[in-house]
Amino acid sequence: MKDHLIIFDTTLRDGEQSPGASMTRDEKLRIAKALERLNVDIIEAGFPAASPGDFDAVQAVARGIKDSIVCGLSRALDNDIDRAGAALKDAQRARIHTFIATSPIHMQRKLNMTPAQVIEHAVRAVKRARQFTDDVEFSPEDAGRSEEDFLCRILEAVIDAGATTLNIPDTVGYSIPQQFGATIANLIERIPNSDKAIFSVHCHNDLGLAVANSLAAVMNGARQIECTINGLGERAGNASLEEVVMAVKTRQDVFTCQTRIDTREILTCSKLVSTITGFPVQPNKAIVGANAFAHEAGIHQDGILKSRETYEIMRAEDVGWTANRMVLGKHSGRNAFKNRMVELGFEFNSEEEINKTFMRFKQLADKKHEIFDEDLQALISETTVASEDEQIKLIALKVCSETGEIPTATVTLRFANKELTGCSEGGGVVDASLKAIEKIVQSNAVMALYSVNNITNGTDAQGEVSVRLEKDGRIVTGLGADTDIVIASAKAYINAINKLQIPDQRRHPQQATV
Ligand code: KIV
Ligand code: ZN
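Residues numbered from 1 in each chain as written. Chains lettered and ligands numbered in written order. Predicted model: local features only at pLDDT ≥ 70, side-chain atom pairs only at ≥ 80, totals over all residues. Heavy atoms only, no water.

### Considerations on the sheet that holds strand E13 (residues 392-400)
Link 1 in the chain: In space, the three strands of this open sheet follow the order E13-E14-E15, with antiparallel pairing throughout. The open sheet has two free edges, formed respectively by E13 and strand E15 (418-425), since each of these has just one partner strand. Adjacent strand axes in the sheet meet at a mean angle of 15° when their direction is disregarded.
Link 2 in the chain: Bridge analysis of E13 against strand E14 (residues 408-415) gives eight bridges, and the strand direction is antiparallel. (Pairing = 2+ DSSP bridges. Helix = DSSP H or I, 4+ residues; strand = E, 2+ residues; numbered from the N terminus. Axes fitted to C-alpha atoms, helices over the stretch in contact; angles between N-to-C directions.)

### Remarks on the packing of helix H7 (residues 177-190) against helix H8 (residues 210-219)
Link 1 in the chain: At their nearest, the axes of H7 and H8 sit 8 Å apart, and the two run at 35° to each other. Note on packing geometry: the crossing formed by H7 with H8 is right-handed. Taken together, the residues of H8 that come into contact with H7 (itself represented by Pro177, Phe180, Gly181 and Ile184) are Ala212, Asn213, Ala216 and Ala217.
Link 2 in the chain: Residue classes in the contact of H7 with H8 are distributed as six nonpolar, two polar and no charged. (Left-handed = near helix turned anticlockwise from the far one by under 90°. Contact = heavy atoms within 4.5 Å. Nonpolar A, V, L, I, M, F, W, Y, C, P; charged D, E, K, R; others polar.)

### Side note on the pairing of E14
Link 1 in the chain: Across eight bridges, E14 lies against E15 in antiparallel orientation. Bridge pairing in E15 links Arg414 to Glu419.

### What about the coordination of the zinc ion (ligand 2)?
Six octahedral donors around a metal ideally make angles of 90 or 180 degrees; four tetrahedral donors ideally make 109.5 degrees.
Link 1 in the chain: Coordination of the zinc ion (ligand 2) by the protein involves Asp14 (OD), His202 (NE2) and His204 (NE2), with metal-donor separations of 2.0 to 2.1 Å.
Link 2 in the chain: All donors of the zinc ion (ligand 2) belong to a single chain; written as a sequence motif, their spacing is D-x187-H-x1-H. Of the two residues, Asp14 sits in the loop between strand E2 (6-9) and helix H1 (25-38) while His202 sits in strand E8 (residues 198-203), which places them 188 residues apart along the sequence. Neither Asp14 nor His202 differs from the other in exposure class; each is buried. (Donors = N, O, S within 2.8 Å, 3.2 Å for Na, K, Ca; no water. Buried < 20%, exposed > 50% of the residue type's maximum accessible area, 1.4 Å probe, protein only.)

### Regarding the site of ligand 1
Link 1 in the chain: In the region of ligand 1, the neighbouring residues are Arg13, Asp14, His97, Phe99, Ser139, Glu141, Asn167, Pro169, Thr171, His202 and His204.
Link 2 in the chain: Within the side chain of Arg13, one N or O atom sits 3.0 Å away from an oxygen atom of ligand 1.
Link 3 in the chain: Between ligand 1 and the protein, one listed contact pairs an oxygen atom with a side-chain N or O atom of Asp14 at 3.0 Å.
Link 4 in the chain: If you list the elements that add at least two residues to the shell around ligand 1, you get strand E5 (94-101), strand E6 (136-141) and strand E7 (165-170).
Link 5 in the chain: Looking at side-chain class alone, the shell around ligand 1 contains two nonpolar, six polar and three charged residues. (Near = heavy atom within 4 Å. Polar contact = N/O pair within 3.5 Å; in protein donor to acceptor, adjacent residues only side chain to side chain.)

### Considerations on the sheet that holds E2
Link 1 in the chain: Pairing in this closed barrel of eight strands is parallel, and the strands run E2-E3-E4-E5-E6-E7-E8-E9 around the ring. When the angles between neighbouring strand axes are averaged without regard to direction, this sheet yields 25°.
Link 2 in the chain: Alignment of E2 against strand E3 (residues 42-46), held across two bridges, turns out to be parallel. Note on E3: the bridge partner recorded for Phe8 is Ile42.
Link 3 in the chain: Together, E2 and E3 form the strand contacts of H1, whose direction differs from that of E3 by roughly 170°.
Link 4 in the chain: Sheet contacts for helix H2 (residues 52-64): E3 and strand E4 (69-75); angle to E3, the most-contacted strand, approximately 150°.

### Considering the nonpolar core
Link 1 in the chain: Ranked by internal contacts, the top residues of the largest apolar core, which has 109 residues, are Leu38, Phe138, Leu155, Ile168, Val201, Phe337 and Leu376.
Link 2 in the chain: Of the residues forming this core, the biggest block, eight residues, is contributed by helix H6 (residues 148-161).
Link 3 in the chain: Setting aside chain neighbours within four positions, we find Phe138 in contact with Thr98, Phe99, Ile100, Ala122, Val126, Ile154, Leu155, Val158, Ala163, Thr165, Leu166 and Asn167.
Link 4 in the chain: Counting 25 residues, the second-largest nonpolar core is a separate cluster that includes Ala436, Val467, Leu469 and Ile494. (Core = buried A, V, L, I, M, F, W, Y, C linked by side-chain atoms within 4.5 Å.)

### With respect to the pairing of E2
Link 1 in the chain: Burial along E2 is two-sided: the face carrying Ile6 and Phe8 and the face carrying Ile7 and Asp9 are both buried.
Link 2 in the chain: As judged from the four bridges shared by E2 and strand E9 (residues 224-227), these two strands associate in the parallel manner. Across the sheet, the residue bridging to Phe8 is Glu226, located in E9.

### Some thoughts on the pattern of salt bridges
Link 1 in the chain: Applying the stated criterion across every chain, the model contains 32 salt bridges.
Link 2 in the chain: The shortest N-O distance in the salt bridge between Asp90 and Arg63 comes to 2.7 Å. On the criterion of sequence distance, the pair formed by Asp90 in the loop between helix H3 (78-87) and E5 and Arg63 in helix H2 is long-range, its members being 27 residues apart.
Link 3 in the chain: Given a relative accessible area of 35%, Asp90 falls into the partly exposed group.
Link 4 in the chain: Residue classification places Arg63 among the exposed positions, given a relative accessible area of 52%.
Link 5 in the chain: In this structure, the salt-bridge partner of Arg130 is Asp134, at a minimum N-O distance of 3.6 Å.
Link 6 in the chain: Look at Asp134 and you get exposed, because its relative accessible area is 56%.
Link 7 in the chain: One salt-bridge network, held together by shared partners, links Asp78, Asp82, Arg124 and Arg128. (Salt bridge = Lys/Arg side-chain N within 4 Å of Asp/Glu carboxyl O.)

### Observations concerning the state of the cysteines
Link 1 in the chain: Enumeration according to the criterion identifies zero disulfides in this entry.
Link 2 in the chain: Cys203 takes part in no disulfide bond, and the closest cysteine sulfur, belonging to Cys227, lies 10 Å away.
Link 3 in the chain: Cys203 sits in the buried class, given a relative accessible area of 0%.
Link 4 in the chain: Of all cysteine sulfurs in the structure, the one in Cys423 sits closest to Cys400, which takes part in no disulfide; the separation is 12 Å. (Disulfide = S-S within 2.5 Å.)

### Observations regarding H3
Three- or four-residue spacings in an α-helix give side chains the same orientation, since the helix completes a turn every 3.6 residues.
Link 1 in the chain: For H3, the full list of buried residues reads Asp80, Ile81, Ala84, Gly85 and Ala87. Projected down its long axis, H3 carries its buried residues within an arc of 165°, all on one side. (Arc of directions from axis to C-beta.)

### Re the packing of aromatic side chains
Link 1 in the chain: The tally for this structure, following the rule as stated, stands at five aromatic pairs.
Link 2 in the chain: On the basis of an interplanar angle of 50° and a centroid distance of 5.4 Å, the ring pair of Phe337 and Phe358 is categorised as tilted. Note that Phe337 is positioned in helix H12 (residues 334-343) and Phe358 in helix H13 (residues 351-367), a separation of 21 residues in sequence. Considered together, Phe337 and Phe358 belong to a single accessibility category, that of buried residues.
Link 3 in the chain: Centroid distance Phe337 to Phe361: 4.9 Å. Interplanar angle 25°. Geometry classified as stacked. With Phe337 in helix H12 and Phe361 in helix H13, this residue pair connects regions lying 24 residues apart in the sequence.
Link 4 in the chain: Aromatic rings pair up to connect Phe337, Phe348, Phe358 and Phe361 into one cluster. (Phe/Tyr/Trp six-rings, centres within 6.5 Å; stacked < 30°, edge-to-face > 60°.)

These values are about where atoms sit, not about what they do.
Structure below.
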């Protein structure tokens, strides 16, 4: 029997810390359900003390998830731990994850504490967390730049205080695989009570080494990896769940452990996270990129036709890619539609929701002959975003573009319970449309990103547009999909503005650090 490698997903916590990736409570719950279907062992749902919005989201995930352990993050502070305990109260199985920084630079410049004070805080935090649950994780933040002797002292003390998992974060992505692996081996060997806890790692990707460092740690005794879908996370992100899981599965000849992940759910999960956050997946991304299993060179194609194993180390279908992705068409019925949506991980909350989404599907099928999984995924994200309190709705859009003439757009919106129309010129029809919308809503937000992605092939394909807006230090991402790229752009812009209308319940950065 091989050891169990625990997969701790932090898409909803560290992943959400990517600028522009903030998620609403309902979006988090939807992703949490997809993670549960993926069979992740632990879902870190958020940082309850950071804001009322974070608290609500963690509470909703704790109430809605049955099979995975639900975890809340907290600084090593009494109030943080109490908030995490309260948010997790209704979970079937709850974990509190508490952390404090241990590197000289963080202790001196950020915390202004002596090493002895840091140990005292850590021990107190773990003991307090144990009053809420027997499952307590402790992280020495910036462990990648901490002194090994000090790590040994603090980790021994927190195990004595009741910590059951010790997570070693490479917070700034500074480590190198061989050295990080050796650190894990040394800690396990040098800490006298190390057998009483599971060693975990949490690697950031600043040098592109997060997955390599995590796997090196596993080869040296770590039995939990913290990771995120699509590698989302602070700055360059975290170790990507799909890469870690498939590396361990594919190279069972070198790993002495295995995960319990249902890898066939990986692609669905990746797409859901991408559509909800508005962070597209690069085509050449391992496992989940559109080209991950595409063979272009003639010599490769020839080899694949003769024997798949010549160039393929994994089977595309094992991570959720399907050979025939044309699923539905104009004549498909409500039942076929509903079943496929459920297979793609969408949970309908009511008959009314089925009817509404089916109507959108029919409208799309009228414009587009063949409906692919990717089109249905876009419907899912549209339904997800449309379920928010939409204050602004697109009623009509007319554009005019002619060679030698300045493009113009006329837009009608329902805004503040009135129908308002705005017109504008622009560099192109997309620019003119967004300017016309802005004339009506006057958000004064700054556009930080505009990107278009063809959902499927062909000129009748839906375009999926992401718009990232920034206002008063807040960043939101809006999404829109349509066979008409101008309408998709308008929908994405309006979606982002609608998000800006919702009061910011998220943490303020200064509250998020110890
Ligand atoms: O990167 C980090 O150090 C963290 C900790 C809270 C584990 O995210
Ligand atoms: Zn992190």
